[in-house]
Amino acid sequence: MEKDEVKVENIVASVNLADKLDLDKINREAPENVEYEPEQFPGLVFRISDPKTATLLFRSGKANCTGAKSVEDVHIAVKKLIEKLNAMGVKVNENPKITIQNIVATYDLKTELNLNEVASHLGYENVEYEPEQFPGLVYRLDSPRLVVLLFGSGKIVCTGAKDVEGIRKGIDIIKERLRKAGVLG
C-alpha cells in the first residue's frame, strides 16, 4: 500500500504535565488561547494554531492533546504548550511522556461496495450493519485492534489505532478479506 494513501485525520494523545495545574491562572494569563467554563466542563481548552491542536488541561496536571495530523505534530504541540505555560510562570514537566491514545485515519478503496454483500462475507460476529441506523458498516479487527467503518462509496474510516502502521496493517487485512470474498477487485 502506498504510504500517502492513508490520511491521518486526528491523533489523541495524553500527557502528564504536572502534579497539579492552576487552571484559573492559565485562564487569566492566556484568555485569547483558552476556553474555560468550569461549571460546564472541568477542563480548560488550550488552543495552538500551528500545528492546529486543542489540548484539554485538567487540575490533576493531566492533559489530552487532540487535532494533530501526525505524531510529530503532537510532540511539537506539547512542546509549544509547555513553553507557553512556562512563560506564564506555570511549573510543568519539561519532557513529559506522551502516550498516543487513538489515531483516526481515512482511506479510499476507489471502488463502490455493496455493504449487504460485504456484511455477509465478513461474518456477522465482527460486523455491525444497520443501514437504517447508520450508513456505514462497522467492522472490528482484533489484531491490530481497530474499528473500521466501511461505506458504500468505498471510503474507510479507521479508529482505535495507537500508531499509523497499525492502520496500514488493518487496511491491508480488510482489503485482503474483501478480495477473498469477491467484493473487491
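Cut-offs used in this document
Each residue is numbered by its place in its chain's sequence as written, counting from 1. Only residues with pLDDT of 70 or above have their local features reported here, since the model is predicted, and side-chain atom pairs are shown and tallied only from 80 upward, although totals for entire chains, interfaces and linings are computed over all residues. Neither water nor hydrogens contribute to the side-chain values; these are computed over all heavy atoms in the structure. At least two DSSP bridges between two strands are needed for those strands to be called paired. Helix and strand definitions follow DSSP, with helices as H or I runs of at least four residues and strands as E runs of at least two, each counted in order from the N terminus. Think of a salt bridge as a Lys or Arg side-chain nitrogen and an Asp or Glu carboxyl oxygen that are within 4 Å of each other. Relative accessibility thresholds used throughout: buried, under 20% of the residue-type maximum; exposed, over 50%; partly exposed, between the two (1.4 Å probe, protein chains only). The contact rule is simple, with two residues in contact once any of their heavy atoms fall within 4.5 Å.

A. Structural context of the sheet that holds strand 7 (residues 127-128). Read across the sheet, 10 strands follow the order 2-3-4-5-1-6-10-9-8-7 without closing on themselves; strand pairing throughout is antiparallel. Of all the strands in the sheet, the pair left with one neighbour each is strand 2 (34-35) and strand 7. Sheet topology places strand 4 (residues 53-57) next to strand 5 (residues 62-68); 4 bridges connect them, and they run antiparallel. If you follow L56 over to strand 5, its bridge partner there is N64.

B. Representation of the pattern of salt bridges in the model. Counted under the stated rule, the structure contains 8 salt bridges. The residue E9 makes a salt bridge to K7 at a minimum N-O spacing of 3.8 Å. R47 is the salt-bridge partner of E35, the closest N and O atoms lying 2.9 Å from each other. With a gap of 12 residues between them, E35 in strand 2 and R47 in strand 3 (residues 44-48) connect regions that are remote in the sequence.

C. Up close: the pairing of strand 5. In the sheet, strand 1 (residues 7-16) pairs with strand 5 via 5 bridges, with the strands oriented antiparallel. Along strand 5, the bridge assignment pairs A13 with C65. Adjacent in sequence and paired antiparallel, strand 4 and strand 5 are bridged by 4 residues, among which G61 carries a positive phi angle near 95°.

D. Seen up close, the environment of F46. If you trace the backbone, F46 turns up in strand 3. By relative accessible area, F46 is classed as buried at 0%. F46 sits 23 residues away from K69 along the chain, and the two C-alpha atoms are 17 Å apart. In this structure, F46 is in contact with I26, A30, N33, V34, T53, A54, T55, L57, L81, K84, L85 and M88, ignoring residues within four places of it in sequence.

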